[in-house]
Each structure stands twice: as structure tokens, then as C-alpha cells.
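# Chain and residue survey
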Amino acid sequence: MTQRSFGQHVEVVVVYQSLLGLYGDRGNATVLMNRLSSRGYNPALTMVEPGDRLPDTGDIYLLGGGEDAAQVSAVHALRADGGLHRAVDRGKAVFAVCAGYQIIGNSFMTSDTGQVIEGLGLLDVTTTRGPERAVGEVLSRWNDHHGEQAWITGFENHSGYTRLGTCAQPLATTDVGVGNCADGTEGAVAGTVIGTYLHGPVLARNPAVADHVLELGLGARLSPLIRPEVDELRRQRCAAARERSWSRRRGALLARKGLTSWARSFLAKPPLNPPTQISQTAQRRRPSFPP
Amino acid sequence: MSPNQFVGPAGQARLAAAVWAGRGAARASRIAGRGSGGSIQGQVMLALDPGALTKLLTNKRVALVSGTNGKTTTTHFLAAAVRAHLGLETGRLVHNADGANLCRGIASALSEHRGADTAVLETDERVVGQVIAAGQPEVLVLLNLSRDQLDRHHEIAGLARSWRDALRMAGPHGPIVVANTSEPLIVWVAQQARQVVWVDAATNWAQDSIWCPNCGSSLSSGHPDGSIGFGGGWHCAGCGLAQPRGHYVVANGQIMDRQGNAWEPGLSVPGDFNVSNAACALAAAELLGVPPLTALEAMRRVSAPAGRFATTRIGRTSVRLLLAKNPAGWAETLPLAQTATVVLAVDSAAADGRDVSWLWDVDFEQLAGRLVITAGARAQDLAVRLSHAQVQHLCVPALADALAGLVGPVDVIATYTPFQKLRKLGNV
């Protein structure tokens, strides 16, 4: 079934923009609203702040990224409210980014004091402090999806590392970037709940994911939209992520090479990695362009 | 070694060698055509003599200016005021006028003006603590603090904490802080200063002042529209942190000084935010002994600090160059762009911040009805953003091409990297 009824009312809820709106993730709401309007729906945007009750009429609930203190305030307010649990029980979609992703998990750790904070438990994921902050372009492959639209591009900036429990599936498989915890996975999915580390905002760069979130909230299939401008942006960002990954690997190889020659001349020890082998590795790792 | 004390002959010799080597590196860099060499000069100098910054700042009156936005312009205001006060002895002042504001840029500027006894230094947010520790500055101007380049700053609160720690460690030897009371984060930092001159600068970026930096409660405002940071007496119900009364106050476009005189700013540079910057510079100038009238007259003559607000020709097009680097900066600068066609240039090099998600925190919707040309390495990201804002646009990534063929004066707003390229193209 496509497009159930022209002019159908759809409510997009932005949860705590003042606390979880640090990285432009409000753009996800803008994108959803415009993609709904373009298909003849009648979307309404509801901004909810701590102290206001989350509406029980929403179809899609969005959470973004924020700093430690804000994240802790947000999780306390959301637990007291209970609105997100009610939304999930109604079969509505929750899409959470970065700090929002950590909030809807089982627990997370504050980055400064390492205090463990209980999450909302909507996703079976647990976040602890990672060895180093993950910052940079990410390119991942959306699990169970195919074709060009299955590439997910975004920007990660997080110090927490997230591990998935048995009740959550990874959203995507990373090609470039750290993702959940450098284990090759990015984001998590359980039913109509999706979490991801990707900013960008992620739904502006990945229209197929945006439509998937809409379909989860609406319980209906949507017709595709043609947006060449977004296709071009996707092409550029995929290429940039691969280029960045390549130059980083090259940098690491050069550093190793430098260390090797230093070690050889000063310590008269055998090289850690013979140069010939390095260049072969470099050849093998030369990236191919995204399909 | 603490500053303002005698540096021994060995220390002086090491510094001299480091300065000499730094100059050599700068010359080599210029010959190789890789810029002015100021940065490499400082880098070489600090590598050869890690104590160079302390030695160079010894026996100087030092004023630092920091904050997310307005550093360069405010530093130019303050330097102009001090220069006017010095009269013919302008050689006594050193100022990192080109905006090279990390330790190496500061060291490089200082080493080129060894005879100076007063330093007015723009200081990057990340090195405020280091420079306070190295140089015992007399005055520290803190303008504002908001989301900016989060890929390397990570957290705004972290920067604020580092400033607080630096002031606490400096204790009674710390600077007098000139602090903008409109910003709760700045007020929280200034609590650690031995003395504060409060400036109610009436700045209005509120998105990073939602909760109390001290206790985490949400802040409330006395302003009728509920906005925080509008000189409306923001306060925290949790811990009692509240907007202090300003010694200097910006209201109705005028600056009220601590004697109660109201000054018409009459600045050459546009924008209410520059009146706020001027108020902070005025307060700092008075601390350095410059009378307000002298200071203000000099500040009025500042027209294009490091190319900002400069009007020039690029190719056959007359352009005005505006710099904006983050949501607060864009919120201030976008309303200044009044031409029918506007060029917006965005990049994501290290100096711009590698994540351009902030584009979605900027109210580009206000440009509806005008034609925007998007330029720079991230022109496509901006194009998609403008589509969602229903703003008509063309995407022309190369800067010179984006400007070519445009008739009449055009306002150009750019992030840092394209801004520097535009300065080169326009010789400003």
C-alpha cells in the first residue's frame, strides 16, 4: 500500500531540542517534514522541552546529540515522563542520534566522571567510555538493504563506546569510522526504535533512512522522491570518507616507516616492518570508489 | 620560571637562538611560497626554547582577548585604543593583528616586536590557560562562548572549565577579567577571577545558555519574551547564579561607561554585536589607562580588521567580505547581508571544523526571496540545506567562479578557510 490518504496528518516530535540539539540534529525533523509535505501528507512539528509532557499523538520521535550535563538532565526528565515507552508500545518510531542513542540504551557513562547513568532501556545497548574520542566522517553499509541507497554517510563525534546486547541488531556495518565501538558495527535497531552515532544531520544525507523512519512511524510504504542534489551530496560525502580513511592509513604507514628507519639507525634492531612489505600493503589497501 | 623577573644570560641566549632560527624558518617558508611563515616561525621557536613565550611576555603589560566570536575585531579595537594613547611611541605596542592566535602565532608576533612593552593579544579559546600561566596578563577579555568546531573543542563546558581552572591557579597573580554578563558561561568562569569588570554587552545568543553551568538547573530570564542573555537578568533558581549588574552597559545602541557617561559608538564596522565588542574593548582600554574618548575615537577608525567587513573588488565584482564560523556568528552576520544576490562559502578544513552539521542550526530561511550562490568545498551541503529552507540557490564550488559575472555589490559570507582565500583574491 502506498500513501494511504492525501492530506493525512502526521506528527513529528522533537524531544528536548534545548538539551539534545547541539549538533544540528534538528535538521532531521526538517528533512522528515519536507519529505512528508512533498508526498501530500499534512505534517505537524511538535517541539517538547523538559517539563512539558511528551504528546501521545506523535508518529515519529526524534532525539539528538548533547553534552554530558544535558544528557543526564534529559534522561531523568524522559524517565519521569514515560512518553517514549508509550510511543514504542503504540508501535511508533523513535530515531535517536549520539547522546540520544545512548539515552535510549540500558546505561551510559558520563565522559568526565565516569558515573554510570541508567538509560531508558528502549534499545538493548550499553555505553561505556571509549579509549579515545571517535571523531570523523563515517561510511557504513545499512544491514539488510541493497543498492546505492544502502550506504549511510554521516559524521561521528563521541567519547562513549556502545556495545549491543542480544535483543538489538546493528543498524549498519562500518566501512570507514569507529561506529559503535570499533567492532565494525554502527547504530542499533529493535522494532521501531533506531539509534545511531551519525550527525550530518544523518537524515539529510541519507534519504532512504529518512523514508524508512517515516514508514516505521506511519506503518505505510512511501513512493520514492527524486532529489539529484542529495544524490550528488551523497556521492561527495562517500568519496570524502573513503579518501579520509585512505590518507589516515597512509599516514599511519608513513609513521611506521619513519619509526622503522629511526629504529634501524639508532638501535641497530631489525625493522618492524620491511619497506617492501609496506608498499604491498599500501597497494592492497588502495580504496575502491563506492558502487 | 615566573614572568616579570630577570631572565639569565643563558636563557636570553637560548631565546635569541630560537628567535633567529624561527626567522630563518619563516623566510624559507616565504621563499617556498607557503604563506607568511608566522606560524612555522613560532613553531620552530617554541620547539627550540619551550620557555620562549614566558620570556617574550616578561616585563610587558599584557591584555588578552578570547571568546568564540569577535576576538579579532575586539583585539583590533583595543590595539587601536592603546596605540592612540601611546601617540608617537606606537613601537611600544605589539598586537597579533593577523589573527594568528595560538601560542606559536603569539610567540611569533612577540618576537618581531622585542622593544614593545605592551601586548594586546588575540588568544584562541584552547590556549587561554597556557598564556595566562606563561605571561601573567593584566587584563583578560572574555567575550562569549558558544558551540563552535565541536570536532576539536568537543564540549563547550570543557573549555569553560579550563578557563576557570587557569584563573583559579593564577590566584592573586591572575588577570582582571572583563566579562560579558549576557553569557552565563562567561559569568561562571569570571567567578574565579581576582577582580572582574562586568560588561552587560546585550548579546543575544541563548542556545548555549539553557542550563546553569554551575549546577545544571535550567536558567530563567527576566526578559518579557523569556529569552536568556538579553540583558534581562537571567538567573538560576537552583544555585542562585544570576546576571551581575554591568559596570558598562550596552543599551539602545549606546555604551554606558562606569562613570555613567553614554557614548554613541559611531563605529565603521557594522552590526550590534560590534557595539558589544567595542564596549568590552572600552572597558579593557580603561584598565590599561586609556581614557574613553581617546579609545572610542580610535575604535571608530577600525574599518576592516584582518579583512572582516572589507569592501573590495574580486575580478569585476565589488564584494563585501563577512566572516561567520558557527551558529552564533551566522545568526549575527546573516542579517547584515542585504544584497539581492548573496554568496555563502563554506568549507570543512581543520580551521573551519570538519563537521558542517551546524548548517542546520542556522536560520537560512530568512534568505527566502533572494538568490544565494553556494561556494566552497562544502557548497553541496549548503545547497541541500537551502533546498530544505526553500531558498533559491546555485551551487558553484570554486570561489572565483561563484563571484564571476555578478553585477553590483555583493555581500559574501564565508567560513574561515574560504574567507582567507577571498582576502587573497581581493588583496585585503
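Fair warning: this is a prediction, and the values are worked out from it, not measured in the lab.

### With respect to the pairing of strand β1 (residues 61-66) of chain B
All names here are of chain B.
- A large share of β1 lies buried, amounting to five of its six residues.
- In terms of strand pairing, β1 meets strand β3 (residues 118-122) through five bridges, oriented parallel. Each residue of the ladder has a partner; that of leucine 64, found in β3, is leucine 121.
- The pairing of β1 with strand β4 (residues 139-142) spans four bridges and is parallel. From the neighbouring strand, serine 66 faces β4, where its bridge partner is leucine 142.

### Regarding the nonpolar core
- Of all hydrophobic cores here, the largest spans 133 residues; its most connected members are Leu84 and Ile104 of chain A together with Leu78, Trp330 and Phe364 of chain B.
- If one sorts the elements of this core by residue count, helix α10 (residues 272-287) of chain B sits on top with 10 residues.
- In contact with isoleucine 104 of chain A, other than residues within four places in its own chain, are Leu63, Leu84, Ala96, Leu120, Gly121, Leu122, Leu123, Val193 and Ile194 of chain A.
- The next biggest cluster of nonpolar side chains, apart from the first, holds 53 residues, and it includes Leu53, Cys103, Leu142 and Ala190 of chain B.

### Some thoughts on helix α2 (residues 68-81) of chain A
Residues and elements named next belong to chain A.
- Here α2 spans 20 Å end to end across 14 residues, near enough to the 20 Å set by a 1.5 Å rise per residue.
- Listed as buried for α2 are Asp68, Ala70, Gln71, Val72, Ala74, Val75, Leu78 and Asp81.
- In the stretch just after α2, glycine 82 is the one whose phi turns positive, near 75°.

### Brief notes about the sheet that holds β3 of chain B
Residue and element names in this part refer to chain B.
- Strand order in the open sheet made by the nine strands is β2-β3-β1-β4-β5-β6-β9-β10-β11, with mixed pairing throughout. Whereas interior strands pair on both sides, the edge strands pair on one side only; in this sheet they are β2 (93-95) and β11 (262-263).
- Bridge analysis of strand β5 (residues 176-180) against strand β6 (residues 195-200) gives five bridges, and the strand direction is parallel. For asparagine 180, the partnering residue across the bridge sits in β6 and is valine 199.

### A closer look at the interface of chain B and chain A
- Chain B puts 28 residues into the contact, and the matching count from chain A is 37 residues.
- With both chains or domains summed, chain B and chain A bury close to 2700 Å², and 51% of this area falls on carbon and sulfur atoms.
- Here chain B and chain A share two salt bridges between them.
- The shortest N-O distance in the salt bridge between glutamate 137 of chain A and arginine 378 of chain B comes to 3.9 Å.

Reading the values: rules and limits
- Residues numbered from 1 in each chain as written.
- Chains lettered and ligands numbered in written order.
- Predicted model: local features only at pLDDT ≥ 70, side-chain atom pairs only at ≥ 80, totals over all residues.
- Heavy atoms only, no water.
- Buried < 20%, exposed > 50% of the residue type's maximum accessible area, 1.4 Å probe, protein only.
- Helix = DSSP H or I, 4+ residues; strand = E, 2+ residues; numbered from the N terminus.
- Pairing = 2+ DSSP bridges.
- Core = buried A, V, L, I, M, F, W, Y, C linked by side-chain atoms within 4.5 Å.
- Contact = heavy atoms within 4.5 Å.
- Expected span 1.5 Å × (residues − 1).
- Buried area = accessible area lost by both parts, 1.4 Å probe.
- Salt bridge = Lys/Arg side-chain N within 4 Å of Asp/Glu carboxyl O.

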